[in-house]
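Chain and residue survey
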Amino acid sequence: MTADGPRPRSSDWPLWEVFVRARRGLSHNHVGSLHAPDATLALQNARDVYTRRQEGVSIWVVPSDSITASSPDEKDAFFDPAADKVYRHPTFYQVPDGVQM
Amino acid sequence: METEYLLRLADDALILSHRLAQWASRAPQIEEDIALTNIGLDLLGQARALFTRAGEWEDAGRDEDDFAYLRQERDFRCCLLVEQPDRDDFAIAMVRQLLFSAYQLPLLQELSRSTDSEVAGIAAKGVKEVRYHLEHAAGWTIRLGDGTDESHRRSQAAVDALWPYTGELFESDDVTRAVAARGFGVDPATVRAEWDRMVDTVLAEATLDRPAGEPRTGTGRRGVHSEQLGYLLAEMQYLHRLHPGAVW
């Protein structure tokens, strides 16, 4: 790569979030992000960058703009009210003897 | 004979892996930097296994380090294609990879049926790696060829510059005929048709022209190399020769 020529614009190489499912896992976990111009290259780059050490057997890549995240400012309103509502947890039900779950 | 044959395969892999290692920290994007060095490491692994097996066949006490670090240019058996420098031109790196991997894949697929079970095992493992190398290089060749005016111009220039070295890949001689007859190795002429098919498909989709005319005959298999190999070996072998017998 010589110094001449334009640098790739970030609009040409948008950011993607990478999720990998481990061999013994049930869910894909977020492992990081990378830049790529399209989905095919995003998948290949994810394979090269995030599965070098046998981290997983399945990869999802998602354009970062497709993800809507909750805001840290709203954290209190979003999550605190669930703290003192113990009746929402399935811990009071007694299973009668002989019933198969 | 077996040693001679295995050294050709091992040297191809070693020298190309070194060319790819030279891309570390110079690739257009960091993700591509890791991709290129990953491909280089795959090839280095193949080279190590092949050198070790070659040493066993030779039975003269030489190991992988002796083959890689203590031979001189005239002893190397790599094809000229893998020696060609890319001068940090990404198009050359990708086209070189395409042309080599499209040859290496069908070769290893055949070689995984070798009567030598070690060689067969090395080849079978290599097939999975090379499938990815080919996909990666083909994808980039298509993107560059069917890209901007500049990328098209440079990738066509890369194809034109490297094409003369492709003929050597498929040349048979006494060594290849002998190992093929015994089921130990593969006569490279037999994979030419598959190479043509794959390369033509990629070039067509990349809107690149296949150069006319016959590629030149090779000299690498008998130890006559381009000037560039000398510089490459000087750099690669320097440390080992400076501290003989050193280990990590």
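Check the entry above for the structure.
What you see as residue numbers is a count from 1 along each chain, following the sequence as written. Starting at A for chains and at 1 for ligands, labels are handed out in the order in which the entities are written. At least 70 in pLDDT is required for a residue's local features to be given in this predicted model, at least 80 for side-chain atom pairs to be given and counted, and no such filter applies to totals for whole chains, interfaces and linings, which use all residues.

1. Describing the overall build of chain A
Quick note on the threshold: Secondary structure counts use DSSP, requiring at least four H or I residues in a row for a helix and at least two E residues in a row for a strand, with both numbered from the N terminus. Each residue is classified by how many other C-beta atoms fall within 10 Å of its C-beta atom, where C-beta atoms are placed from the backbone; a count of 20 or more means buried, 12 or fewer means exposed, and values in between mean partly exposed. Here, residue contact means that the backbone-derived C-beta atoms of the two residues sit within 7 Å.
Per the secondary structure count, chain A includes 2 helices and 3 strands. If you list the helices and strands of chain A from N to C, you get β-β-α-β-α. The 101 residues of chain A split such that 14% are buried. Taking all contacts inside chain A whose residues are at least 6 apart in sequence as the whole, residues at least 24 apart take part in 44%.

2. Re the packing of helix α5 (residues 90-111) of chain B against helix α6 (residues 117-145) of chain B
Residues and elements named next belong to chain B. The test is simple: Here, axes are lines fitted to C-alpha atoms. For helices the fit covers the stretch in contact, and angles between N-to-C directions go from 0 to 180 degrees. Geometric relationships in this document are graded by angle, where less than 35 degrees denotes roughly parallel, more than 145 denotes roughly antiparallel, 65 to 115 denotes roughly perpendicular, and other angles denote oblique. What makes a crossing left-handed is the near helix being turned counterclockwise from the far one by less than a right angle; a clockwise turn instead makes it right-handed. Ten residues, namely Ala, Val, Leu, Ile, Met, Phe, Trp, Tyr, Cys and Pro, are considered nonpolar, four, namely Asp, Glu, Lys and Arg, are considered charged, and the remaining ones, Gly among them, are considered polar.
Their axes nearest at 7 Å, the elements α5 and α6 cross at an angle of 150°. Considering the angle they form, α5 stands roughly antiparallel to α6. In this structure, α5 crosses over α6, and the sense of that crossing is left-handed. Grouping the amino acids of the contact of α5 with α6 by side-chain chemistry returns 17 nonpolar, 7 polar and 1 charged.

3. Quick word on the interface of chain B and chain A
Of the residues lining the interface, 11 residues belong to chain B; the matching set on chain A comes to 12 residues. The set of elements that each furnish at least two residues to the side of chain B that touches chain A consists of α2 (30-58) and α6 of chain B. By residue number, the principal contributor to the side of chain B that touches chain A is α2 of chain B, which donates 4 residues. Here the side of chain B that touches chain A is composed, by residue class, of 4 nonpolar, 4 polar and 3 charged.

4. Some details on the sheet that holds strand β2 (residues 29-35) of chain A
Residue and element names in this part refer to chain A. Quick note on the threshold: Following DSSP output, two strands are said to pair if at least two bridges run between them.
Read across the open sheet, the 3 strands follow the order β2-β1-β3; overall the sheet is antiparallel. Whereas interior strands pair on both sides, the edge strands pair on one side only; in this sheet they are β2 and β3 (58-63). The mean inter-strand angle of the sheet, taken between neighbouring strand axes irrespective of direction, is 30°. Contacting β1 (15-21), β2 and β3, helix α1 (residues 39-50) runs over the sheet at an angle of about 130° to β3.

5. Observations concerning the pairing of β1 of chain A
Residue and element names in this part refer to chain A. On β1, burial follows the alternation: Trp 16, Val 18 and Val 20 on one face are buried, whereas Leu 15, Glu 17, Phe 19 and Arg 21 on the facing-out side are not. Where β1 meets β2, 6 bridges bridge the pair, whose relative direction is antiparallel. Note on β2: the bridge partner recorded for Val 20 is Asn 29. Where β1 lies against β3, 6 bridges are found, and the strand directions are antiparallel. Residue pairing across strands places Trp 16 opposite Pro 63, the latter belonging to β3.

6. Quick notes on α5 of chain B
Operational definition: Helix span is expected to be 1.5 Å times the residue number reduced by one.
The terminal C-alpha atoms of α5 of chain B, which comprises 22 residues, lie 30 Å apart, in line with the 32 Å expected from a rise of 1.5 Å per residue. Within α5 of chain B, 20 of the 22 residues are buried, which leaves it mostly tucked inside the rest of the structure.

Geometric values such as these leave the question of function open.
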